[in-house]
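Below, each chain spelled out in residue letters.
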Amino acid sequence: MNPSLTLIRSRRFLLALSLAVLAACSDSGSDKPAAAAANAPAGGATLEAAKAAGKIRIGYANEAPFAYMDSKEAKVTGESVEIARVVLKRMGINEVEGVLTEFGSLIPGLQAKRFDIIAAGMYVTPERCQQVAFSDPTYGVGQAFLVKQGNPKNLHSYEDIVKHPDAKLGVVVGAIEAEYASKSKVPPGQVVVFPDAVSALSGVQAGRADAYAATALTVNDLMGKTSQTSGLEKAEPFTDPVIDGKSVRGYGAYAFRTDDKAFADAFNAELAKFIGTEEHQKLVAPFGFTPQELPKGVTAAKLCAGQ
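Every chain begins its residue count from 1, and numbering advances along the sequence as written. It should be noted that, the model being predicted, local features are given only for residues of pLDDT at least 70 and side-chain atom pairs only at 80 or more, the latter also being counted only at that level, while totals for whole chains, interfaces and linings use all residues. No hydrogens and no water enter the side-chain calculation; it runs on all heavy atoms of the structure.

An unreviewed UniProt entry lists the protein under the name Putative amino-acid ABC transporter-binding protein, with Achromobacter agilis given as the organism.

S.K.: Report on the overall build of the protein, specifying residues and quantitative values.
M.R.: Helix and strand labels come from DSSP, where a helix needs a run of H or I of at least four residues and a strand needs a run of E of at least two; each type is numbered from the N terminus. Secondary structure summary: the protein contains 13 helices and 15 strands in total. Expressed as a percentage of the 307 residues in the protein, the buried residues total 46%. By definition in these notes, contact holds between two residues if any of their heavy atoms fall within 4.5 Å. Long-range pairs, those at least 24 residues apart, make up 71% of the contacts in the protein with a sequence separation of at least 6. Throughout, exposure labels follow a simple rule: accessible area from a 1.4 Å probe, protein chains only, divided by the maximum for the residue type, with under 20% read as buried, over 50% as exposed, and the rest as partly exposed.

S.K.: Lay out the sheet that holds strand 9 (residues 169-172) with the relevant residues and their values.
M.R.: An order of 10-9-11-8-12 is seen for the five strands of this open sheet, with the pairing classed as mixed. Two strands bound the open sheet, and with one partner strand each, they are strand 10 (191-194) and strand 12 (232-234). On average, adjacent strands in this sheet sit at an angle of 30° to one another, irrespective of strand direction. Pairs of strands are assigned from DSSP output, requiring at least two bridges between the strands. Examined bridge by bridge, strand 9 and strand 10 share four bridges and lie parallel to one another. Following the sheet pairing, Val-171 is matched in strand 10 by Val-193. Contacts between helix 9 (residues 197-206) and the sheet are confined to strand 8 (143-148), strand 9, strand 10, strand 11 (211-215) and strand 12, with strand 8 contributing the most and set at about 40° to the helix. To get an axis, a line is fitted to the C-alpha atoms, and for a helix only the part in contact is used. The angle between two axes follows their N-to-C directions and goes from 0 to 180 degrees. Lying over the sheet, helix 10 (residues 216-224) contacts strand 8, strand 11 and strand 12, oriented at roughly 115° with respect to strand 11.

S.K.: Lay out the nonpolar core with the relevant residues and their values.
M.R.: A general tendency of soluble globular proteins is for nonpolar side chains to be buried together. Core analysis: the biggest nonpolar cluster contains 91 residues, and Leu-88, Ile-118, Phe-134, Phe-145, Leu-169, Tyr-212 and Tyr-254 have the highest contact counts within it. When residues of this core are assigned to domains, at least three map to each of domain 1 (52-140 + 251-305) and domain 2 (143-247). To qualify as a nonpolar core, a set must consist of buried Ala, Val, Leu, Ile, Met, Phe, Trp, Tyr and Cys residues joined through side-chain atoms within 4.5 Å. Where each domain begins and ends is defined by an automated method or by a domain database.

S.K.: Outline the side chain of Thr-77, listing residues and values.
M.R.: Its place among the elements puts Thr-77 in strand 3 (residues 75-77). A relative accessible area of 6% places Thr-77 in the buried class. Pairing of N or O atoms within 3.5 Å defines a polar contact, subject to two protein rules: one partner must be a possible hydrogen donor and the other a possible acceptor, and residues neighboring in sequence count only if both atoms are side-chain atoms. A distance of 2.7 Å separates a polar atom in the side chain of Thr-77 from a polar atom in the side chain of Glu-82. Once residues within four sequence positions are removed from consideration, Thr-77 is found in contact with Phe-66, Ala-67, Tyr-68, Asp-70, Glu-82, Arg-85 and Phe-287.

S.K.: Account for unusual backbone geometry, naming residues and giving values.
M.R.: Put simply, Ala-64 and Pro-65 share a cis peptide bond, and its omega is 5°. Mapping Pro-65 onto the fold places it in the loop between strand 1 (55-60) and strand 2 (68-70). Following Glu-236, the chain continues to Pro-237 via a peptide bond in cis, the omega torsion being -5°. With respect to the secondary-structure elements, Pro-237 resides in the loop between strand 12 and strand 13 (242-243). Here Lys-113, not a glycine, exhibits a phi torsion of approximately 65°, which is positive. With respect to the element layout, Lys-113 can be found in the loop between helix 5 (106-111) and strand 5 (117-123). The phi torsion at Asn-154 lies on the positive side, around 55°, for a residue other than glycine.

S.K.: Tell me what's going on with the pattern of salt bridges, and back it up with residues and numbers.
M.R.: When a carboxyl oxygen of Asp or Glu lies within 4 Å of a side-chain nitrogen of Lys or Arg, that pair is called a salt bridge. Evaluated as defined, the whole model comprises 15 salt bridges. The partner of Glu-279 in a salt bridge is Arg-90, and the shortest N-O contact between them spans 3.0 Å. Taken together, the residues span a long stretch of sequence, with Glu-279 in helix 12 (residues 278-284) and Arg-90 in helix 4 (residues 79-90) at a distance of 189 residues. The class for Glu-279 is partly exposed, based on a relative accessible area of 44%. Relative accessible area serves as the criterion here: at 39%, Arg-90 is assigned to the partly exposed category. The closest approach of N and O atoms between Lys-163 and Asp-160, which form a salt bridge, is 3.9 Å. Placement of both Lys-163 and Asp-160 in helix 7 (residues 158-163) is noted, with a separation of three residues, approximately one turn of the helix. Assessed through its relative accessible area of 62%, Lys-163 is described here as exposed. Overall, the relative accessible area of 13% leaves Asp-160 in the buried class.

S.K.: Could you give an account of the side chain of Thr-215, with specific residues and numbers?
M.R.: Looking at where Thr-215 falls in the secondary structure, it is placed in strand 11. With relative accessibility at 5%, the residue Thr-215 sits in the buried group.

S.K.: If you had to explain the packing of aromatic side chains to someone new, which residues and values would you point to?
M.R.: Describing an aromatic ring pair means giving the distance of the ring centres and the angle of the ring planes. Classification of ring pairs rests on two measures: the distance between centres of Phe, Tyr or Trp rings, Trp counted by its six-membered ring, which must be within 6.5 Å, and the angle between planes, read as stacked under 30 degrees, edge-to-face over 60 and tilted in between. Scanning the entire structure with this criterion turns up 10 aromatic pairs. Ring geometry for Phe-66 versus Tyr-139: centroids 5.1 Å apart, planes at 25°, classification stacked. Pair noted here: Phe-66 is in the loop between strand 1 and strand 2 and Tyr-139 is in strand 7 (residues 139-141), with a separation of 73 residues, a long-range link. For the residue pair Phe-66 and Tyr-139, the accessibility class agrees, reading buried in each case. Ring-pair connections join several aromatic residues into one group, and the members of that group are Phe-66, Tyr-123, Tyr-139 and Phe-289.

Right under this line is the structure:
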């Protein structure tokens, strides 16, 4: 027999024996870390890693008043971001690092682990529930149109867009308004897709769209920035779309990876203690939120089930 081959086999045997001894030692004692790790609930690793680092990355889409970059303060802020800061701090995570992403890329970015939470006021829908794990909502709100002053085409609902074949409706890529337009029978050729709210606003000003559809809070916030909204107004009155026989009201929440359920559950437990409190109301009031926007018992489970 080849002596070299014999030597190699002997070394392999000794290595295997050593590994077996180490494995036996690692299973001994009361802690059993290997077994504990194997039995750890999904999402525990992300939460523990964030606690150890003292910070976590959140994905946002630069849409006020939910999540946006405050250039004066040089920090990410908004209703969704500030609530997240409070809840995460209570969980032992003191720092939030924002990752700016187009709205339509938020879920893919979360799944690709570019960040660990979507904090962008994202509506909970049954379709999205197939892709991410949602917290319970932090607000509920209706829709609105941003139009040119005088509302020259008299657009006060999604149905009005359908009635005007030459009218163009602006929506943000990946946002729920595109779905509302489709279910309201707005022809695809009348829908103009923009990367973000500011682009949509500019599109209406430039005449590329006759109306920009967004949440009432988004439109209110944009109208508060008078330097940006010259020549524009909020369409009044406005009729929310009726989808599947129900007048829609959107509910925004945080989104986690589906394998981060333990993290989502822990976050949701702290969130439930905070939403509706006086501290919560004071925190979100500067962003235009009032008690009228409280979710009022609506849960992610109900929304995911289409209720």
